[in-house]
Amino acid sequence: MFIEEIADITQGTILTRIKDTNGTTFKAFTMQQLSYYINASDTPGQFNEIIVNNDKIGNLCIAKENDILVGLSSGKAMKVSKEDDGCVVLSNFIRIRLKDVERFDPNFICWIFNENQDSQKYFASQTQGSARVSIIPLSFIKCLNVDLIPFEQQKKIGIIYQLQKEKVKLALKKEKIKCTIIGKELFEIYKNRNMEEK
């Protein structure tokens, strides 16, 4: 089953078409947030604040809770949380809005994009042989084949995937703290040695 059969798929808004110096301020998702979600970075990304021309607000691609955002340069996905409901999706993302979250689990779909080996091969075939950053076409994402398993199994995979990501985040945080402590200890040794020589 293609993912376009179970979801409405839309490319984000092109910023230059809606921004203005006067208008309404919105928060927009960033690639740094996606990097943090998939544990490619240990620094939580911040929203970009954009000013939107009031006449163009109706043209915005807005995220809702449980939407899935896919980075066009990476093919990686993140789930929109309740706190991020109402933020703007810009054109470096594709928004996937599942038609029925009682049948299709968003965390499972993120796992399909981020970890499933078949999906990795599929996206690699799009970017293969190019040294530059490739942009994955919307049509390519729409045709991603999703082998849907029973909903309870989807949920189980989705929950385990989220727990695994949290475990990795904690391990990265622990390692960062450990490196900071060691760095301070080494500096103390260095400083004390200099004082002894004086």
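Thresholds applied
Residues numbered from 1 in each chain as written. Predicted model: local features only at pLDDT ≥ 70, side-chain atom pairs only at ≥ 80, totals over all residues. Heavy atoms only, no water. Helix = DSSP H or I, 4+ residues; strand = E, 2+ residues; numbered from the N terminus. Buried < 20%, exposed > 50% of the residue type's maximum accessible area, 1.4 Å probe, protein only. Salt bridge = Lys/Arg side-chain N within 4 Å of Asp/Glu carboxyl O. Polar contact = N/O pair within 3.5 Å; in protein donor to acceptor, adjacent residues only side chain to side chain.

*Asks:* Is there a simple way to think about the environment of Ile135 in this case?
*Replies:* Position of Ile135 relative to the elements: it lies in the loop between helix H3 (117-127) and helix H4 (138-142). On the basis of relative accessibility, which here comes to 53%, the residue Ile135 falls in the exposed class. On a C-alpha basis, the gap between Ile135 and Gly71 in space is 8.9 Å, while along the polypeptide they are 64 residues apart.

*Asks:* Got a minute to help me understand the pattern of salt bridges in this structure?
*Replies:* Pairs can form between side chains of opposite charge once their charged atoms are near each other. Evaluation of the coordinates by the stated rule reveals 1 salt bridge. The salt bridge involving Asp67 is made with Arg97; its shortest N-O contact spans 2.8 Å. In this pair, Asp67 is assigned in the loop between strand S3 (48-52) and strand S4 (68-71) and Arg97 in strand S6 (residues 93-98), connecting sequence segments 30 residues apart.

*Asks:* I'm lost on helix H2 (residues 106-114) in this one. Help?
*Replies:* One turn of the α-helix equals 3.6 residues, which is why residues spaced by three or four share an orientation. Within H2, 8 of the 9 residues are buried, leaving the element largely enclosed by the surrounding structure. Among all positions of H2, only Pro106, Asn107, Phe108, Ile109, Cys110, Ile112, Phe113 and Asn114 are buried. The N-capping residue of H2, defined by a side-chain oxygen 3.3 Å from the backbone nitrogen of Asn107, is Asp105.

Coordinates in, geometry out; function isn't part of it.
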